[in-house]
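Analysis of the macromolecular model
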Amino acid sequence: MEKHRIGRCHMKEYALYKGDQMVAIGTVKEIAEERGVKPDTIRFYMSGVYQRRSKREVNNRLQLVKLDE
């Protein structure tokens, strides 16, 4: 059985911000590799839990934003 590879054009891209500054751009996997963390850690930055926990540190928190296609 042959595995089908998903091309980069079909993968969702994100931008990772620290405060107002963009620190990375790419897929969740690419950003995770660049930052030296697991992909689940990067996805956590989009969660409501993370946003509530870090609301006092708006200028220092990491935020993952999905880019439009």
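A short tour of the structure in this document, coming up.

The rules we used
Residues numbered from 1 in each chain as written. Predicted model: local features only at pLDDT ≥ 70, side-chain atom pairs only at ≥ 80, totals over all residues. Heavy atoms only, no water. Helix = DSSP H or I, 4+ residues; strand = E, 2+ residues; numbered from the N terminus. Buried < 20%, exposed > 50% of the residue type's maximum accessible area, 1.4 Å probe, protein only. Contact = heavy atoms within 4.5 Å. Areas by Shrake-Rupley, 256 points an atom, 1.4 Å probe, with all protein chains shown as cover. Pairing = 2+ DSSP bridges. Phe/Tyr/Trp six-rings, centres within 6.5 Å; stacked < 30°, edge-to-face > 60°. Axes fitted to C-alpha atoms, helices over the stretch in contact; angles between N-to-C directions.

As for the overall build of the protein chain
A tally of helices and strands in the protein chain yields three helices and three strands. Mapped in sequence order, the helices and strands of the protein chain form the string β-β-α-α-α-β. The buried share of the protein chain, reckoned over its 69 residues, is 26%. Taking the intrachain contacts of the protein chain between residues at least 6 apart in sequence as the baseline, contacts between residues at least 24 apart amount to 40%. When the accessible surface of the protein chain is totalled, it reaches about 5,800 Å², and 48% of it is carbon and sulfur.

Remarks on the pairing of strand E2 (residues 21–26)
Two strands pair when backbone bridges link them, and strand E1 (residues 14–18) and E2 are joined in this way by five bridges, in the antiparallel orientation. Each residue of the ladder has a partner; that of Ala-15, found in E2, is Ile-25. The turn joining E1 and E2, which pair antiparallel and follow one another in sequence, is formed by two residues; a positive phi near 65° is taken by Gly-19.

Side note on the packing of aromatic side chains
Two descriptors summarise a pair of aromatic rings, namely the distance from one centre to the other and the angle between the planes of the rings. Enumeration over the complete set of coordinates arrives at two aromatic pairs. Seen in terms of ring centroids, Phe-44 and Tyr-50 are 5.6 Å apart; in terms of plane orientation they differ by 65°. Their pairing is edge-to-face. Looking at Tyr-50, the relative accessible area reads 13%, which means it is buried. Ring geometry for Tyr-45 and Tyr-50: centres 5.1 Å apart, planes at 55°, overall tilted. In this structure Tyr-45 comes out as buried when scored by relative accessible area, which is 13%. The structure contains a cluster of three or more aromatic residues connected by ring pairs, namely Phe-44, Tyr-45 and Tyr-50.

Here we look at the sheet that holds E1
Reading across the sheet, the three strands line up as E2-E1-E3 and stay open at both edges, with antiparallel pairing between neighbours. Since the sheet does not close on itself, it has two edges, and those belong to E2 and strand E3 (62–66), each with one partner. Taking the axes of each pair of neighbouring strands and ignoring which way they run, one obtains an average angle of 25° across the sheet. Pairing geometry for E1 and E3, over five bridges, is antiparallel. What sits directly across from Leu-16, in E3, is Leu-64. Contacting E1, E2 and E3, helix H1 (residues 28–35) runs over the sheet at an angle of about 120° to E2.

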